[in-house]
Amino acid sequence: MYLLLWGSFLSLCSILVSPLVKLLIHFTCNISQYEISLRKSIRDMKKDLSKISMQDQFALYAKTERKINKLSAKLSSCTSARSVQLSKASWAFTITFHAILGLALLVTMWSYGGTPVLVLPPAWTFPLTWPLSLPTGVPGGVGLPLWMGLTSAAIKVLPSFPAFGMNKEYSQLPLD
């Protein structure tokens, strides 16, 4: 019974790695205050630019437009740096969680590889008795690899629920 629950738990954890990584990324890789102030400055300057007549005040219009372009370049460099940070953090979290799960699975298989997760009457599993019992060799037994595969398939077939109540869209700034 213990091995049945532990195998199911490992299968569930392997499926929950991606939503957990997204949650951790959501909490750790936030937009900086500097980037927010740049966005606000650009927005304010664009409002000012729309009030300036291009024909009447060309020098002021061009100067404001150059400031907007300079701030937009800074903003794009901040955005690309944040994107790189997000990508690196995502890879680091994913590799770490998969390594932990791999080690847990390795220790479990090493310790309980010869123990069947579930023992059924051999008549129930007649044509598939041998493949179902791998690597245990117990007639009618269900091995841990098969159990984890079946559990993972069953969990993936279940309807998907929102990942920890997070929105599907990634939005940190409200639109004007």
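Our subject is the structure listed above.
The text that follows walks through the structure, step by step, so that each part is easy to find. This one's a predicted model, so the numbers in the text were calculated from it and none came from an experiment.

Definitions and limits used
- Residues numbered from 1 in each chain as written.
- Predicted model: local features only at pLDDT ≥ 70, side-chain atom pairs only at ≥ 80, totals over all residues.
- Heavy atoms only, no water.
- Helix = DSSP H or I, 4+ residues; strand = E, 2+ residues; numbered from the N terminus.
- Rg over C-alpha atoms; globule rule 2.2 N^0.38 Å.
- Buried < 20%, exposed > 50% of the residue type's maximum accessible area, 1.4 Å probe, protein only.
- Contact = heavy atoms within 4.5 Å.
- Areas by Shrake-Rupley, 256 points an atom, 1.4 Å probe, with all protein chains shown as cover.
- Lys, Arg positive; Asp, Glu negative; His and termini not counted.
- Charge placed at Lys NZ, Arg CZ, Asp CG, Glu CD.
- Expected span 1.5 Å × (residues − 1).
- Arc of directions from axis to C-beta.
- Salt bridge = Lys/Arg side-chain N within 4 Å of Asp/Glu carboxyl O.
- Core = buried A, V, L, I, M, F, W, Y, C linked by side-chain atoms within 4.5 Å.

What follows concerns the overall build of the protein chain. Helices and strands together make up the secondary structure of the protein chain, namely six helices and two strands. Counting helices and strands in the order they occur from the N terminus, the protein chain gives α-α-α-α-β-α-β-α. Since a compact globule built from 176 residues should have a radius of gyration of about 16 Å, the 28 Å found for the protein chain marks it as more spread out than a globular shape. Dimensions of the protein chain, computed from the C-alpha atoms along their principal axes, are close to 95 × 30 × 20 Å. Looking at the 176 residues of the protein chain, the share that counts as buried comes to 26%. Taking the intrachain contacts of the protein chain between residues at least 6 apart in sequence as the baseline, contacts between residues at least 24 apart amount to 70%. When the accessible surface of the protein chain is summed, it comes to about 12,300 Å², and 68% of that surface belongs to carbon and sulfur atoms. The distance from the centre of the 16 positive side-chain charges to the centre of the 7 negative ones in the protein chain is 9 Å.

Our focus in this paragraph is helix 1 (residues 2-15). Taking 1.5 Å of rise per residue, the 14 residues of helix 1 would be expected to cover 20 Å, and the 20 Å separating its terminal C-alpha atoms lies within 8% of that figure. For helix 1, the set of buried residues is L3, L4, G7, S8, L10 and S11. Take helix 1 and look down its axis: the buried residues cluster within an arc of 160 degrees, on one side only. Looking at helix 1, the residues exposed on the side facing more than 90 degrees away from the buried face are Y2 and L5.

Looking at the element boundaries, L3 is found in helix 1. For the pair L3 and L144, spaced 141 residues apart in sequence, the C-alpha separation works out to 8.0 Å. Residues within four places of L3 in sequence aside, it is in contact with T108, Y112, T115, P116, V117 and L144.

All chains considered together, the criterion is met by two salt bridges. Between R39 and E35 there is a salt bridge, with the nearest N and O atoms lying 3.2 Å from each other. Of this pair, R39 and E35 are both found in helix 3 (residues 33-51), four residues apart, which corresponds to roughly one turn of the helix. On the accessibility criterion, E35 (2% relative accessible area) is buried. Notably, a salt bridge pairs R82 with E35, separated by 2.9 Å at the nearest N-O pair. Residue R82 is found in helix 4 (residues 58-112), and its partner E35 is found in helix 3; the two are separated by 47 residues along the sequence. Side by side, R82 and E35 carry an identical accessibility label, which is buried.

Attention now moves to the nonpolar core. If you look at the biggest cluster of nonpolar residues, it comprises 14 residues, and the most contacted ones within it are I25, V117, L144 and W147. Those elements that place two or more of their residues in this core are helix 1, helix 2 (17-28), helix 4 and helix 6 (144-157). With sequence-adjacent residues up to four places away left out, W147 is seen in contact with L4, G7, S8, V117 and V142. One finds I42, Y61, I68 and L75 within the second-largest nonpolar core, a separate group that totals nine residues.

So, about helix 4. If you check helix 4, its first and last C-alpha atoms are 79 Å apart, about what 55 residues at 1.5 Å a residue would give, namely 81 Å. Within helix 4, the full set of buried residues consists of Y61, A62, T64, I68, L71, L75, C78, R82, A89, L101 and T108. The inward-facing, buried residues of helix 4 contact helix 1, helix 2, helix 3 and helix 6.

These figures come from the coordinates and say nothing about function on their own.
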